[in-house]
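As a plain string of letters, each chain reads:
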Amino acid sequence: MSIFLYNSLSKQKEEFKPIKKKQVGLYTCGPTVYNHPHIGNLMAYVVWDVLKRILIARGYKVKHIMNITDVGHLTSDADEGEDKLAKASRETGQNAWQIAEFFIKVFRNNLASLNIDEPTKFLRATETIKEQIAFARILDEKGYLYKTADGMYFDTSKIADYGKLANLSKVELQEGARVEKNQEKKNLTDFAVWKFTPEDISRDMDWESPWGLGFPGWHLECSVMSRLELGDTFDIHTGGIDHLTVHHPNEMAQSEAVTGKLQANYWLHNDFIKFEGGKMAKSQGTLITLENIREKGFSPLAFRFLILQNHYRNSLNFSFDSLQAAQNGLKAIIREIAFYGKPKGGCQELEEEFYQAIGDDLNTPKGLAILQKIIDSENKPGAKMASILNIDEVLGLRLGTLAKNALDISSDAKIILEERAKARDSQDWVRSDKLRDKLIALGVEVQDTTDGQKAIQVTL
Ligand code: AMP
Ligand code: ZN
């Protein structure tokens, strides 16, 4: 029954112990909605979807909260540079609200294509401005904030163990911080909690606050929303490894400053997708979206399968060749299971082995190996099918639907199959082979068995 998770806070794998007995509060840092998500972003959401699914499979009720960063933030973590939404707005001629609206839809469509369950609740940053101001006020009253020309900043030197998450010393954190333009910052790691709207600029999004017209700093929304929905301390906080050094330490610092408590007990981070060994960057044309994957003839589910082949704490070296191999692998599984028929009984031991593997810090490569083990086992087809359907509740590959669809032969192909049956009855092998080639061209594979032809058309 136990689940083990690698906690970035303790730097070790720990047995998961929830605050409430059967309930888990889970918070995932969500997208900034100014652009199409790239496959790196999507990898993160697939990984946390598997986490949620194994928790549910182990009997927990999961309250999953995700923020949507729809307030214009800055193009760097260092509170500098142009506002991302304003930039998109300048490039497209739409206002920041329209851009956010559009890319929220894109994001949700991407989640659906990847069979990622939506969180219990999405919260948009712009929906919680009042609460964010109230939170920042507490920080101000407690003396954590100071004013510079462009905003209210958090004094990180007031948190004794700031940076504990990344295990970095103050010096390393400061060396790691980007080159700063704001000379007024007391420490390089200090960050904006509230930014002022410059007098000569008109913004689509800004609000009145005790510190003047402006907008919240990026880290603020997560501290506020997680507390609103999940309480002062909740169970699991997730995000990519980039968040280890800036975003999560800052969230944590704000939350601890207000509540005096640890924001979350378990902090999980996924490693990054790289593109053919290098960084994914828009400027190099290596920033790939789900649409790019589709255009090249790949299914989003093949991409999900590729992600599951990798352990989330290892980086994933993406290439279209590896995606092709994943797509072939997934099709091979469907080809195997399509003829299993109705689920009946199950292969309990192998199923339990599967749950243990995924419950062991989300060991999805091992989980897939166990799926193969079920397929290769001597169990009855119905028992294999039953177990495959059960474990797919965690893998989320839609194996049941894909297997069913594979037997749903198109009407064109059905006509050819009937012709081929006739050709075989009259022992016209030349015609039979020709018709088989025609079927292959339609993506239909046919096997000749003692019960006649068995046809399958695998589409993902
Ligand atoms: P963002 O919209 O940039 O805040 O990113 C959304 C999520 O994707 C965050 O949890 C990031 O840590 C994560 N992320 C960003 N780039 C990558 C990448 N290349 N590989 C995996 N995860 C990523
Ligand atoms: Zn966050």
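One can find the structure itself at the top, above this paragraph.
Position numbers for residues start from 1 in each chain and track the written sequence from start to end. Following the order in which they are written, the chains are lettered starting with A and the ligands numbered starting with 1. The predicted nature of this model means local features are confined to residues of pLDDT at least 70 and side-chain atom pairs, given and counted, to a pLDDT of 80 or more, with totals for whole chains, interfaces and linings taken over all residues. Calculation of side-chain values draws on the structure's entire complement of heavy atoms; hydrogens and water are dropped beforehand.

Topic: the site of ligand 1
This is how the line gets drawn: Residues are classed as near a molecule or strand on a simple rule: at least one heavy atom within 4 Å of it. Any pair of nitrogen or oxygen atoms within 3.5 Å is treated as a polar contact; in protein, a donor-acceptor pairing is required on top of that, and neighbouring residues in sequence qualify only through side-chain atoms on both sides. Each accessible area is a Shrake-Rupley estimate made with a 1.4 Å probe; only the visible protein chains count as cover when residues are assessed. The helix count covers DSSP runs of H or I at least four residues long, the strand count covers runs of E at least two residues long, and both are numbered beginning at the N terminus. Gly is put with the polar residues, along with every residue not named as nonpolar or charged; the nonpolar set is Ala, Val, Leu, Ile, Met, Phe, Trp, Tyr, Cys and Pro, and the charged set is Asp, Glu, Lys and Arg.
Among the 17 residues in the neighbourhood of ligand 1, the closest are listed as Gly40, Asn41, Gly240, Asp242 and Ile273. Within the backbone of threonine 32, one N or O atom sits 3.3 Å away from an oxygen atom of ligand 1. Measuring from an oxygen atom of ligand 1, one finds a backbone N or O atom of glycine 240 at 3.1 Å. Bound to the protein, ligand 1 loses 88% of the 490 Å² it would expose on its own. Mapped by element, the contributors of at least two residues to the shell around ligand 1 are helix H1 (39-57) and strand S10 (234-240). Considered class by class, the residues forming the shell around ligand 1 number six nonpolar, nine polar and two charged.

With respect to the environment of histidine 219
Basically, it comes down to this: Every residue pair with non-hydrogen atoms within 4.5 Å of one another is taken to be in contact.
Here histidine 219 shows up in helix H6 (residues 218-230). As for histidine 219 and methionine 280, which are separated by 61 residues in sequence, their C-alpha atoms are 24 Å apart. Sequence-distant contacts of histidine 219, defined by excluding residues within four places in its chain, comprise Phe191, Val246, His247, Asn250, Glu251 and Gln254. Side-chain polar atoms of histidine 219 contact the side chain of asparagine 250, separated by 3.2 Å.

Quick notes on the pairing of strand S7 (residues 151-154)
What counts here: Strand pairing requires that DSSP identify at least two bridges connecting the strands.
Two elements, strand S6 (residues 145-147) and S7, share three bridges in a ladder whose sense is antiparallel. What sits directly across from lysine 147, in S7, is methionine 152. The hairpin turn running from S6 into S7, its antiparallel successor, is three residues long. Relative to strand S8 (residues 191-196), S7 runs antiparallel, the two being bridged by four bridges. By the bridge assignment, methionine 152 is partnered in S8 with tryptophan 194.

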